Amino acid sequence: MINKSRLEQEFMTLVQLDSPSRKERKVADYLLQKLADMGYKAFEDNAGSKFGGDSGNVIVNVQGNTSAHYSVMFSAHMDCVDPCIGVKPKLVQGIFTADGTTVLGGDDKSGVAAMLEVLQIIKEQQLPHGDLKFIFSPCEEQGLEGPKNMEAADMQADMGYILDADGPIGTFATAAPGYYDLKITVEGRKAHAGINPEDGCNAIIIAAKALAQFPQGRIDEETTANIGLISGGTARNIVADKVEIVGELRSIDMQKLESLLVKVRNIFENTVAQAGGTLHFEAQKMYSSYRVSEEAPVVQIARKATEALGLEFKTATTGGASDANVYNNRNIPAIVMAIGMSKVHTTQEYLRAEDLYQTAEVTLSIIKSVLKQKYQ
């Protein structure tokens with residue numbers, strides 16, 4: 001049913017379209033034209049103008065041609081992490097790679113390509129289906145900005161599948177963490193390190209004392225914390241008057257996440273106050289967590305669709321976020337489909353062609369499975 005050579009070529013074309021976060025215009029324009037050529041009435045919303053991007057969400061509503069118990073959304077993102085300019089893909093012995101100087105862009109253009117193939121097959125084969133929605137989102141890699149800035153009316157669906165996870169085909173992520181972005185500034189007082197150090201207040205030392213108490217790494221099976229960047233000071237003979245720290249907190253349990261934030265804030269407030277410094281503590285919630293029940297229709301349909309293809313069905317918990325975080329928190333049960341991409345966010349990224357084919361096949365199987373019965 002899948003046109004393998006067409007799908008391969010579509011993927012190769014997509015990854016060669018430069019699309020760093022907030023600069024997905026080339027991909028958006030390509031999709032709008034491609035979808036029009038297929039006979040679909042796609043449109044682009046104004047989400048990009050709300051977060052400084054050059055494109056919005058590209059959305060296709062496909063009206064059902066037969067009755068179905070649920071309307072279903074499929075989503076993949078258009079942007080890629082750096083370095084992603086000038087990707088030179090190749091397909092050798094069934095494996096897609098780049099030339100080693102850039103990412104491949106399978107995250108998430110393999111999802112985009114699979115969705116386009118499915119839309120093509122729906123038209124060509126007059127496939128029976130219920131109401132469907134396909135969303136190609138911008139700026140997923142830097143804050144899930146596409147769905148965050150989408151109008152509620154454009155997002156309506158009974159359930160959703162996000163084509164955007166690594167791992168073997170047949171795996172679906174049913175839980176993912178919420179996330180706080182931390183930006184912490186510790187200020188002290190500058191002084192000459194050799195002449196009058198007693199007049200200074202060393203921000204580096206204060207920050208070190210606080211960081212020594214920071215709950216770094218895996219806190220429990222649902223919760224992690226990390227300090228990723230630290231900078232400060234001006235010279236070795238000057239008592240440092242400022243240190244800037246960037247970190248993150250994650251947890252699938254939002255109560256744990258909020259409690260961890262309070263703990264970290266208290267550590268810095270108490271340490272800085274005792275040393276006579278000044279603290280600027282900024283914590284921005286980027287998104288909330290989600291957990292979808294194994295009994296939910298969106299999971300039951302995924303199981304039936306996967307097993308119908310003779311594939312093993314698995315659910316998983318992920319430590320990373322996706323557009324599914326936003327959809328779930330806007331009352332659309334959504335889970336993330338593994339699409340086989342490997343070593344993502346690195347220049348060693350690769351994708352098996354067979355996984356690309358199976359991603360499209362699972363998506364088609366989901367569309368068929370929705371028609372067969374109502375899931376409790």
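Rules and cut-offs
Residues numbered from 1 in each chain as written. Predicted model: local features only at pLDDT ≥ 70, side-chain atom pairs only at ≥ 80, totals over all residues. Heavy atoms only, no water. Core = buried A, V, L, I, M, F, W, Y, C linked by side-chain atoms within 4.5 Å. Buried < 20%, exposed > 50% of the residue type's maximum accessible area, 1.4 Å probe, protein only. Helix = DSSP H or I, 4+ residues; strand = E, 2+ residues; numbered from the N terminus. Expected span 1.5 Å × (residues − 1). Pairing = 2+ DSSP bridges. Axes fitted to C-alpha atoms, helices over the stretch in contact; angles between N-to-C directions. Contact = heavy atoms within 4.5 Å.

A. Main features of the nonpolar core. Among the nonpolar cores identified, the biggest contains 83 residues, and Leu35, Phe74, Phe134, Phe136, Tyr161 and Ile366 are the most heavily contacted of them. Residues Tyr180, Leu182, Leu260 and Ile267 belong to the second largest nonpolar core, which totals 22 residues.

B. View of helix H10 (residues 353–372). Its 20 residues place the ends of H10 30 Å apart at the C-alpha level, agreeing with the 28 Å of an ideal helix rising 1.5 Å per residue. Counting buried positions over the 20 residues of H10 gives 15, a clear majority of the element.

C. Up close: helix H4 (residues 106–124). The end-to-end C-alpha distance of H4, which contains 19 residues, comes to 26 Å, matching closely the 27 Å that a straight helix rising 1.5 Å per residue would cover. Among the 19 residues that make up H4, 17 are buried, leaving the element largely enclosed by the rest of the structure. Glutamine 126, located one to two residues past H4, shows a positive phi value of around 45 degrees.

D. Layout of the sheet that holds strand E5 (residues 95–97). The sheet built from three strands is open, its strands ordered E4-E5-E17 with antiparallel pairing. Sheet topology places strand E4 (90–92) and strand E17 (350–352) at the edges, where each strand pairs with a single neighbour. Here the average twist between neighbouring strands, direction ignored, is 25 degrees. Inspection of the sheet shows E5 paired to E17 by three bridges, in the antiparallel sense. Within E17, the residue paired with phenylalanine 96 across the bridge is leucine 351. Most of the contacts of H10 go to E17, to which it runs at about 65 degrees, and overall it touches E4, E5 and E17.

E. Structural context of the environment of tyrosine 350. Here tyrosine 350 lies in strand E17. We classify tyrosine 350 as partly exposed; its relative accessible area is 30%. Separated by 20 residues in sequence, tyrosine 350 and valine 370 place their C-alpha atoms 32 Å apart. Once residues lying within four places of it in the same chain are set aside, the contact partners of tyrosine 350 are Ile95, Phe96, Thr97, Leu104, Met341, Ser342 and Lys343.

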